[in-house]
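# Descriptive structure summary
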Amino acid sequence: MWPDRLSAEPQTLADVIERPYLLPFAYRRSCTPGGVALSPQARALICCLLRAAGHDPEAIRPTAASTHEHRPSSEDDTDLEVVAFVRHYYAADRSPLRRFASRVDTAYLKQHPEALSAVYQHHLTLVPEARWPLPVHVEERITTLLSQRETAYSWQPPSSDPHPHPDQQPRPRPRPEGDRTTVEYDPFTHALQEDPYPTYAWLRENAPLYRNDHHDFYALSRHADVRLALRDHALYSSSRGVSLEMWDVVAQQGLSAAELVGFIALDPPQHTRLRALVGRGFTRARVAALEPAIRAIIRQHLHRAWEGSDGSFDFAETFTLIPMDVIAEILGIPAADRTMVRDMVIDVGQRQDGDTQLPMSFWESLQDLTTYYGHLIMERRAHPRDDLISTMATADLDGDRLTDQEIITSLLLINAAGTETVTKLASNAWYQAWRHPEQQALAWEGNIDGWVNETLRYDGPAQALARELTRDTLLHGTLVPAGSRILLLGASANRDPRVFPDPDRYDLNRDTGSAIPFGGGPHFCLGAALARMQLRIALEELITAVDAYDIDPEGIRLACTTNLRGFSALPTTVKLR
């Protein structure tokens with residue numbers, strides 16, 4: 001009765017009864033089109049178990065419309081079905097727009113066409129079985145309505161080569177402004193994310209303090225500015241979250257950012273306390289002790305990727321699985337639950353072109369993860385093991401212990417940051433070595449550390465961090481008011497020619513000691529050593545097994561958010577030794 005995507009192994013009824021917190025996630029998926037068909041007896045049993053666990057099955061079950069293909073008699077009738085479509089997603093459990101669902105009618109959609117555009121884009125991001133069952137005539141009506149407005153939904157596939165060669169790089173997009181020409185920096189667009197470095201170069205030289213009026217933020221792009229801001233937590237506060245989307249959610253929902261993303265959205269001394277307790281799971285000795293287990297996981301996935309094939313596999317897909325399994329091993333997530341947790345983590349991180357708000361899939365999967373981790377913490381407190389969840393659940397620093405909420409938000413942070421960063425970093429390293437054969441030769445001669453460090457500088461996944469300015473401050477001749485949103489463009493800082501000679505050259509022998517790929521100051525990435533070790537081990541295993549490789553540029557696809565950049569598809573063919 002469990003959808004295949006929930007678990008890598010079958011689960012018995014006894015296991016389900018023992019861990020009822022898995023039921024809401026599975027039941028919601030089974031009720032969507034394409035979900036696992038349940039017999040009346042099975043559905044009745046699940047409903048009983050849900051009620052026993054304190055859940056209302058009808059509140060969990062998607063309120064999808066009928067999938068019949070009856071075409072209504074008038075355009076007005078179809079518009080009513082469009083309204084129902086929008087209301088469904090607005091009213092979804094934990095949707096941030098839930099309170100507006102009752103206001104949606106045909107007049108509302110005519111006044112706010114951007115609402116229909118946003119909901120339809122969200123609909124298309126979902127896996128088919130999770131979508132509202134949209135009849136053909138309703139979808140045709142939606143596309144017609146959108147095509148009549150400037151907010152029409154459009155999608156263009158990414159270019160076949162998202163990292164153009166320097167002599168083929170597109171120039172930044174100019175934007176007329178008075179008598180001079182400026183460059184538009186919009187971190188929400190994939191057009192920028194495909195190759196942001198020409199734009200960063202323009203910002204550093206022409207607008208070291210950049211103002212985006214549409215999204216209401218400033219951006220600092222030079223190395224000296226970014227480095228100082230990262231270290232000055234009193235002036236550049238993290239309390240509103242580390243991304244623009246998170247900032248908006250905090251404002252709309254009346255939440256604290258720390259409730260959603262943990263201690264990275266706190267400033268000292270609160271941040272110092274939590275980091276000290278969580279950091280007990282990331283000591284140098286503990287990370288070093290993980291190397292044999294991490295190497296075994298990497299070998300298993302690599303051999304599985306090219307076993308029984310002609311050596312062709314998707315490098316990005318394989319390296320999506322590896323760090324997730326590594327983090328699951330560190331946290332102590334049971335093997336039977338790892339596929340389910342992996343899917344939820346992917347949903348939390350997924351964004352579409354132009355998204356300025358967190359999609360509904362974020363809220364659904366966030367709640368599922370929160371519930372799951374809450375029960376796992378209870379298990380570990382009762383029966384501790386040698387894993388990070390047990391360490392945090394039992395950590396005691398002079399009588400100070402982590403609350404369940406503090407542990408859960410820390411786990412969400414570790415799972416998301418620990419998987420996304422390594423996934424994108426590994427693919428970027430593999431791609432850049434392919435693009436630069438002379439540097440690939442150095443890597444194959446054993447310069448693994450240079451490969452890791454230069455990739456982090458030249459094409460690291462982390463692009464930007466958001467901060468709040470706590471007092472009026474003069475920056476590059478402009479008085480920036482307190483409360484302003486500031487984006488710190490770390491990826492731009494790492495290409496600043498004031499610090500790195502010939503910064504657009506990929507050079508494994510370069511001195512990268514001044515690079516800031518993992519932030520700085522009190523918020524320096526807690527998992528930096530673990531990320532470096534995973535990448536080092538992966539690259540060691542690759543050059544040991546692979547004699548040569550090629551990448552199909554036509555199959556390359558990017559996966560970007562406003563603060564992370566990397567590949568979602570990187571088709572590779574290897575020649576094994």
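Now for a description of the structure that goes with this document. Because the structure is a prediction, the values reported are computed rather than measured.

### Section: the environment of Phe319
In this fold, Phe319 is placed in helix α17 (residues 315–331). Under the relative-accessibility criterion, Phe319 is labelled buried at 1%. Those residues in contact with Phe319 that lie beyond four places of it in its chain are Leu302, Thr423, Ala426, Ala538 and Leu542.

### Quick notes on the pairing of strand β10 (residues 485–488)
The side chains of a regular strand alternate between both faces of the sheet. Alternating positions in β10 separate into two faces, Arg485 and Leu487 on one and Ile486 and Leu488 on the other, with burial throughout. Pairing analysis gives three bridges linking strand β4 (residues 217–220) to β10, with the strands arranged parallel. Within β10, the residue paired with Leu220 across the bridge is Leu488. In this sheet, β10 lies alongside strand β7 (residues 465–469) in antiparallel orientation, the contact comprising four bridges. Directly across from Ala466, in β10, lies its bridge partner Leu487.

### Let's talk about the pairing of strand β3 (residues 209–212)
As paired elements, β3 and β4 share four bridges and run antiparallel to each other. Its bridge partner lying in β4, Arg211 is registered against Tyr218. Hairpin geometry of β3 and β4 is characterised by an intervening segment of four residues between the two adjacent antiparallel strands and by a positive phi of about 60 degrees at Asp216.

### What to know about the sheet that holds strand β14 (residues 571–576)
Judged by pairing direction, the sheet is antiparallel, and its three strands sit side by side in the order β6-β14-β11 without closing on themselves. Each edge of the open sheet is held by one strand with a lone partner, namely β6 (312–314) and β11 (546–551). Strand-to-strand twist across the sheet, computed as the mean angle between neighbouring axes with direction ignored, equals 30 degrees. Inspection of the sheet shows β11 paired to β14 by five bridges, in the antiparallel sense. Bridging from a neighbouring strand, Val546 pairs with Leu576 of β14.

### A look at unusual backbone geometry
Along the chain, Pro268 connects to Pro269 via a cis peptide bond; the corresponding omega equals 10 degrees. Unusually for a residue other than glycine, His476 sits at a positive phi of about 50 degrees. For His476, the location among the structural elements is in the loop between β8 (473–475) and β9 (478–480). Since its relative accessible area comes to 40%, His476 is described here as partly exposed.

### Thoughts on the nonpolar core
Counting residues in each nonpolar core, the largest one holds 89 residues, and the members touching the most others are Tyr373, Trp430 and Trp451. Looking at which element gives the most residues to this core, the answer is helix α21 (residues 404–435), with 14 residues. Sequence-distant contacts of Trp430, defined by excluding residues within four places in its chain, comprise Phe315, Trp444, Trp451, Leu542, Tyr549, Ile551, Leu570, Thr572 and Val574.

### Quick word on the sheet that holds β3
Across the sheet, which stays open at both edges, the five strands sit in the order β3-β4-β10-β7-β5 with mixed pairing between neighbours. In this open sheet, the two strands that pair with only one neighbour each are β3 and β5 (236–237). Running at roughly 115 degrees to β10, helix α11 (residues 223–231) makes contact with β4, β5, β7 and β10 of the sheet.

### Quick look at the packing of aromatic side chains
Tallied over the entire structure, the rule returns 17 aromatic pairs. Pairing Phe315 with Trp430 gives two aromatic rings, centres 4.9 Å apart and planes at 10 degrees, and the pair type is stacked. Of this pair, Phe315 sits in helix α17 while Trp430 sits in helix α21; the two residues are 115 residues apart in sequence, bridging distant segments of the chain. Considering the side-chain rings of Trp430 and Trp444, the 6.2 Å spacing of their centres and the 40 degrees angle between planes classify their relative orientation as tilted. One end of the pair, Trp430, is in helix α21; the other, Trp444, is in helix α22 (residues 437–444), and 14 residues separate them in sequence. Trp444 shares its class with Trp430; the two are buried. Three or more aromatic residues joined by ring pairs make a cluster, and in this case those are Trp306, Phe313, Phe315, Phe319, Trp430, Trp444, Trp451 and Tyr549. When the ring centre of Tyr218 is taken as origin, the NZ or CZ atom of Arg211, which lies over that ring, is 4.7 Å away. The aromatic ring of Phe500 is capped on one face by Arg457, whose charged end is 5.4 Å from the ring centroid.

### Describing the pattern of salt bridges
For the structure shown, the criterion picks out 25 salt bridges. Note that Arg273 is salt-bridged to Glu406, the shortest N-O span being 2.9 Å. Taken together, the residues span a long stretch of sequence, with Arg273 in helix α14 (residues 270–278) and Glu406 in helix α21 at a distance of 133 residues. Its relative accessible area of 18% is what places Glu406 among the buried residues. Notably, a salt bridge pairs Glu454 with Arg510, separated by 3.2 Å at the nearest N-O pair. One end of the pair, Glu454, is in helix α23 (residues 448–459); the other, Arg510, is in the loop between α24 (490–493) and α25 (528–545), with 56 residues separating them in the sequence. Neither residue differs from the other here; Glu454 and Arg510 are each classed as buried. Three or more residues joined by partner-sharing salt bridges are found here, namely Glu291, Arg295, Arg299, Arg536, Glu540 and Glu541.

### Re α11
Buried within α11 are the following residues: His223, Val226, Ala229 and Leu230. What you see down the axis of α11 is that its buried residues fit within an arc of 140 degrees, all on one side. Where α11 is buried, its residues touch β4, β5, β7, β10 and α24.

### A look at the side chain of Ser390
Position of Ser390 among the secondary structure elements: in helix α20 (residues 388–394). Excluding its chain neighbours within four sequence positions, the residues that come into contact with Ser390 are Arg380, Pro384 and Arg385.

### Digging into the packing of α17 against α21
Relative orientation of the contacting elements α17 and α21 amounts to 145 degrees, with a least axis distance of 8 Å. Note that α17 runs across α21; the crossing there is right-handed. The segment α17 lies against α21, with Phe315, Ala316, Phe319, Thr320, Pro323, Met324, Ile327 and Leu331 engaging Leu411, Ile414, Asn415, Gly418, Thr419, Val422, Thr423, Ala426, Ser427 and Trp430. Its residues assigned to classes, the contact of α17 with α21 shows 12 nonpolar, six polar and no charged.

### Focus: the environment of Ala559
Within the secondary structure layout, Ala559 lies in strand β12 (residues 557–560). Distance from Ala559 to His190, taken between C-alpha atoms, is 8.9 Å for residues 369 residues apart in sequence. With sequence-adjacent residues up to four places away left out, Ala559 is seen in contact with Lys424, Leu564, Arg565, Gly566, Phe567 and Ser568.

Thresholds, definitions, all that
- Residues numbered from 1 in each chain as written.
- Predicted model: local features only at pLDDT ≥ 70, side-chain atom pairs only at ≥ 80, totals over all residues.
- Heavy atoms only, no water.
- Helix = DSSP H or I, 4+ residues; strand = E, 2+ residues; numbered from the N terminus.
- Buried < 20%, exposed > 50% of the residue type's maximum accessible area, 1.4 Å probe, protein only.
- Contact = heavy atoms within 4.5 Å.
- Pairing = 2+ DSSP bridges.
- Axes fitted to C-alpha atoms, helices over the stretch in contact; angles between N-to-C directions.
- Core = buried A, V, L, I, M, F, W, Y, C linked by side-chain atoms within 4.5 Å.
- Phe/Tyr/Trp six-rings, centres within 6.5 Å; stacked < 30°, edge-to-face > 60°.
- Lys NZ or Arg CZ within 6 Å of the ring centre and 35° of its normal.
- Salt bridge = Lys/Arg side-chain N within 4 Å of Asp/Glu carboxyl O.
- Arc of directions from axis to C-beta.
- Left-handed = near helix turned anticlockwise from the far one by under 90°.
- Nonpolar A, V, L, I, M, F, W, Y, C, P; charged D, E, K, R; others polar.

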